[in-house]
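A closer look at the structure
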Amino acid sequence: MRMVITGGAGFIGSHLCDYLIEKGHDVICVDNLLTGKAENIAHLIGNSQFRFIKHNVSDYIYVDGNVDCVLHFASPASPFDYLEFPIQTLKVGSLGTLNSLGLAKAKKSRFLLASTSEVYGDPQVHPQREDYWGHVNPVGPRGVYDEAKRFAEAMTMAYHRYHHVDTRIVRIFNTYGPRMRIKDGRSLPNFMCQALNGEDITVFGNGSQTRSFCYVSDLVDGICRLLLSNEHEPVNIGNPSEITILQLAKEMLALTGSKSKIVYKSLPEDDPKIRKPDITKAKKILDWEPKVSREEGLRKTLGYFKTVLHSATECKSDA
Ligand code: UDP
């Protein structure tokens, strides 16, 4: 099949490119490299199954020839990024989704939207099932991402119902693994880099808020199963193993053997207090559940971060 992946140079998008190329598909990666990185796809340049188009999908998307699937993964995706790029985040979730759906409609292709657990906001139902409508502050700093993704879901369902586009919606929970940006601002890369550099580990609030972290290969497997299914309603893909952020910080210290101190900083506005996916639906209709334990996933991720931090230090000392 011929696949278009918007945001294909990002953390998750680039893993999807690898997976689909490995399965024998042709991949057209469209990315403006705002938060994606050329290094994530450098190894694919020159591969006849791969093409890169540097383009902002909030503007009209032109792709020649037939397209079998459009996977819309373009968006800033960390709270740190939404603060830096609020308008771009709103635009890619709204106009970018509209353009990606328009491409899918014109090419009569299947469409998959990368949505998010952020549609549940600061949830009042736990764990979160797909039929929970969420608790989002539309005017808070996270609203630019949350509302853009909620709009994107509404737009996707409208194209499905009105234009009969063959759509899928995946709600992605916290995901980690190689190719996360070291300065991404999220807890896991922050803690890992801080531990490796011997810097203070910055826990926001008292660290009692929870998250549930899924290793990227499990996520990609779930997304591809959803793409091949007939499900049009949203499906949660995430790892239900829930921990507090303080526990994550402590696991990071144990894993790295670091002497870093844990310090407490103020909790960002509208920070969700709890988050854990209910994956009953994915288990039932996709026969999917995560396989990689946090211990194994963190070890694999640590190998990547060590290499990146090492080359960053080398670059500094070369300069
Ligand atoms: N967090 C933290 N220290 C950091 C970065 C994040 O304690 O250096 C907290 C953050 O406030 C949130 C949790 O860790 O409560 C998970 O944040 P992350 O940015 O990883 O993801 P999200 O909030 O989008 O789930």
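Above this note sits the structure.
These numbers were taken from a predicted model, which means no experiment stands behind them.

1. Regarding the overall build of the protein
In terms of helices and strands, the protein carries nine helices and 13 strands. Projected onto its principal axes, the C-alpha coordinates of the protein cover approximately 55 × 50 × 35 Å. By residue count, 55% of the 319 residues in the protein fall in the buried class. Within the protein, counting contacts between residues at least 6 apart in sequence, those at least 24 apart form 80% of the total. For the protein, the computed accessible surface area is about 14,300 Å², with 54% contributed by carbon and sulfur atoms. Treating the 39 positive side-chain charges of the protein as one cloud and the 37 negative ones as another, the clouds have centres 1 Å apart.

2. Some details on the pairing of strand β5 (residues 110–116)
Regular strands place side chains that alternate from one sheet face to the opposite one. Burial runs high along β5: six of the seven residues are buried. When strand β4 (residues 69–72) meets β5, the two strands line up parallel, connected through four bridges. The residue bridging L71 from the neighbouring strand is L112, located in β5. Looking at chain direction, β5 and strand β6 (residues 167–172) are connected through six bridges and run parallel. Residue L112 lies in a different strand from β6, and its bridge partner there is R168. Since β5 and β6 lie parallel, the crossover through helix α4 (residues 143–163) that links them has a hand, and here it is right-handed.

3. Thoughts on the site of the ligand
Lining the immediate surroundings of the ligand are 18 residues, of which S187, T202, F204, R211 and D271 lie closest. Contact distances for the ligand include 2.5 Å between an oxygen atom and a side-chain N or O atom of D271. R275 is positioned such that a nitrogen or oxygen atom in its side chain is 2.7 Å from an oxygen atom of the ligand. When the ligand is considered free in solution it has 520 Å² of accessible area, and contact with the protein chains removes 96% of it. Put simply, the parts of the chain that give the shell around the ligand at least two residues each are α5 (187–197) and β8 (201–204). In terms of residue class, the shell around the ligand is made up of six nonpolar, six polar and six charged.

4. With respect to the pairing of β4
In β4, alternate side chains face the same way, and those of C69 and L71 on one face and V70 and H72 on the other are all buried. Note that strand β1 (residues 2–6) and β4 share four bridges and pair parallel. In the strand pairing of β4, M3 is matched with C69.

5. Quick notes on the sheet that holds β5
Overall, parallel pairing links the seven strands, which are arranged β3-β2-β1-β4-β5-β6-β11 in an open sheet. Each edge of the sheet is formed by a strand with only one pairing partner; in this case those strands are β3 (50–54) and β11 (235–237). Neighbouring strand axes in the sheet, compared pairwise and without regard to direction, differ in orientation by 20° on average. Sheet strands in contact with helix α1 (residues 11–22) are β1, β2 (26–31), β3, β4 and β6, and its direction is about 170° off that of β1. Across the sheet, helix α6 (residues 216–228) lies against β1, β4, β5, β6 and β11, angled at about 160° from β6, the strand it touches most.

6. Some details on the environment of V263
Relative to the helices and strands, V263 is located in strand β13 (residues 262–265). Excluding residues that lie within four positions of it along the chain, V263 makes contacts with D200, I201, T202 and V203.

7. Notes on the packing of α5 against helix α7 (residues 245–256)
With their axes 9 Å apart at the nearest point, α5 and α7 run at an angle of 35° to one another. Remark: the crossing between α5 and α7 carries right-handed chirality. Judged by residue contacts, S187, L188, F191, M192, A195 and L196 of α5 engage I245, L248, A249, M252, L255 and T256 from α7. Each residue belonging to the contact of α5 with α7 can be placed in one class, and the counts come to 10 nonpolar, two polar and no charged.

8. What to know about α6
Every α-helical turn comprises 3.6 residues, leaving residues that sit three or four positions apart pointing alike. Along its 13 residues, α6 runs 19 Å from first to last C-alpha, staying within 8% of the 18 Å computed at 1.5 Å per residue. The element α6 is largely enclosed, with a buried count of 10 among its 13 residues. Residues V216, D218, L219, V220, D221, G222, I223, C224, L226 and L227 constitute the buried set of α6.

What counts and what doesn't
- Residues numbered from 1 in each chain as written.
- Predicted model: local features only at pLDDT ≥ 70, side-chain atom pairs only at ≥ 80, totals over all residues.
- Heavy atoms only, no water.
- Helix = DSSP H or I, 4+ residues; strand = E, 2+ residues; numbered from the N terminus.
- Buried < 20%, exposed > 50% of the residue type's maximum accessible area, 1.4 Å probe, protein only.
- Contact = heavy atoms within 4.5 Å.
- Areas by Shrake-Rupley, 256 points an atom, 1.4 Å probe, with all protein chains shown as cover.
- Lys, Arg positive; Asp, Glu negative; His and termini not counted.
- Charge placed at Lys NZ, Arg CZ, Asp CG, Glu CD.
- Pairing = 2+ DSSP bridges.
- Right-handed = clockwise from strand over helix to strand, strands pointing away.
- Near = heavy atom within 4 Å.
- Polar contact = N/O pair within 3.5 Å; in protein donor to acceptor, adjacent residues only side chain to side chain.
- Nonpolar A, V, L, I, M, F, W, Y, C, P; charged D, E, K, R; others polar.
- Axes fitted to C-alpha atoms, helices over the stretch in contact; angles between N-to-C directions.
- Left-handed = near helix turned anticlockwise from the far one by under 90°.
- Expected span 1.5 Å × (residues − 1).

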